[in-house]
Amino acid sequence: MKQLPNSVKTTGALRSRLLTGACVLASAVLLTACANTSNARYYTLTGPTASTLTPAASATPIFIELAPVAVPERLARPQMVLSKPAGQSAELELLEQYRWTSSFENEMRDALSAGITNRLGAVDVSKSGRSQGQAVWRIAVQLRQFDAIENTRVDAAFSWTARRSDTGGNAVCQWSGSETVGSGMDALAQGAQRITDRAAQMIAQHLATLATYPSAPCPR
């Protein structure tokens, strides 16, 4: 049998070792990723308050259509994102071990929908569908700011547009608030729930007023 030159044998052995090393490295990366997510803790923005509300009695059923919430791209992920206190640093911290149960914008939309519909006794037709001829409030919400500062507070700013399908009436509002939180990630997640629920309360209050006074000012 013809013998291969030593240089060919060396090159083949080197390639084999490189491939083996690459496989070992890839396996280590995958194992690390799995370990990071397997020990993660998951939170929701939909707080217990939304499910315990008693809606005001209304002779006319209210239908809303809540569009997907527009959030800053840096927040559009399931991982929690922490901010530094103002003026200290521009750095953000992405937490692999602390996550929302779905992507942040989906959590935000579900929490606002629950807070609005439960306060008004309304139906969100973007989830349930509707019959023809029913007037619908079409709501578009933009999250302009959401800063979660560990052991300190959660600051948030929202703007929204409410448009009635039958009359074309249109109203634009904005609201901002802050929630002080205690120590730990549980307290921070609960603060995020409270600030989101307060935003839902403002939007629901605005819709209830618009039903009677189409030119009503924004709530404060």
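Every value quoted in this text rests on a predicted model; they were computed, and no experiment measured them. (Residues numbered from 1 in each chain as written. Predicted model: local features only at pLDDT ≥ 70, side-chain atom pairs only at ≥ 80, totals over all residues. Heavy atoms only, no water.)

A. Local environment of the pattern of salt bridges. Applying the stated criterion to the full structure yields ten salt bridges. The shortest N-O distance in the salt bridge between Arg-164 and Asp-166 comes to 2.7 Å. Its relative accessible area of 26% is what places Arg-164 among the partly exposed residues. Judged by its relative accessible area of 47%, Asp-166 is partly exposed. Sharing partners across several salt bridges, the network here consists of Arg-109, Asp-110 and Asp-124. (Salt bridge = Lys/Arg side-chain N within 4 Å of Asp/Glu carboxyl O. Buried < 20%, exposed > 50% of the residue type's maximum accessible area, 1.4 Å probe, protein only.)

B. The arrangement of the packing of helix α3 (residues 104-120) against helix α5 (residues 185-210) in detail. With their axes 8 Å apart at the nearest point, α3 and α5 run at an angle of 45° to one another. On the basis of the axis angle, α3 is oblique to α5. Considering how the two elements wind past one another, α3 and α5 form a crossing that is right-handed. Of the residues in α5, those touching α3 at Met-108, Ala-111, Leu-112, Gly-115, Ile-116, Arg-119 and Leu-120 are Thr-196, Asp-197, Ala-199, Ala-200, Gln-201, Ile-203, Ala-204, Leu-207 and Ala-208. Its residues assigned to classes, the contact of α3 with α5 comprises eleven nonpolar, three polar and two charged. (Axes fitted to C-alpha atoms, helices over the stretch in contact; angles between N-to-C directions. Helix = DSSP H or I, 4+ residues; strand = E, 2+ residues; numbered from the N terminus. Parallel < 35°, antiparallel > 145°, perpendicular 65-115°, else oblique. Left-handed = near helix turned anticlockwise from the far one by under 90°. Contact = heavy atoms within 4.5 Å. Nonpolar A, V, L, I, M, F, W, Y, C, P; charged D, E, K, R; others polar.)

C. Spotlight on empty space enclosed by the protein. Counted under the stated rule, the structure contains two cavities of 30 Å³ or more. By volume, the largest cavity is sized at about 90 Å³. Around the largest cavity, the lining residues are Leu-75, Gln-79, Met-80, Val-81, Leu-82, Trp-100, Phe-104, Phe-146, Ala-148, Leu-188, Ala-189 and Ala-192. Mapped by element, the contributors of at least two residues to the lining of the largest cavity are β3 (79-83), β6 (137-149) and α5. Ranked by the residues each element gives to the lining of the largest cavity, the list is headed by β3, at four residues. Considered class by class, the residues forming the lining of the largest cavity number eleven nonpolar, one polar and no charged. (1 Å grid on protein atoms, 1.4 Å probe; cavity = no way out; pocket = protein on both sides within 12 Å on 5 of 7 lines; lining within 4 Å. Points joined across faces, edges and corners; volume = space filled by probe spheres on them.)

D. Seen up close, the packing of aromatic side chains. One pass over the structure, following the stated rule, counts three aromatic pairs. Measuring from centroid to centroid gives 5.9 Å for Trp-100 and Phe-104, while their planes differ by 50°, and the two rings are tilted. In terms of burial, Trp-100 and Phe-104 fall into one category: buried. Pairwise contacts between aromatic rings join Trp-100, Phe-104 and Phe-146 into one cluster. (Phe/Tyr/Trp six-rings, centres within 6.5 Å; stacked < 30°, edge-to-face > 60°.)

E. Highlighting the sheet that holds strand β2 (residues 63-66). Taken together, five strands build an open sheet; the order of strands is β5-β2-β6-β7-β8 and the sheet is mixed. Of all strands in the sheet, those bounded by a partner on one side alone are β5 (123-124) and β8 (170-180). As defined by bridge partners, β2 adjoins β6 across three bridges and the pair is classed as parallel. Along β6, the bridge assignment pairs Glu-65 with Arg-138. On top of the sheet, α5 reaches β2, β6, β7 (153-164) and β8; it is set at about 150° to β8, its chief contact. (Pairing = 2+ DSSP bridges.)

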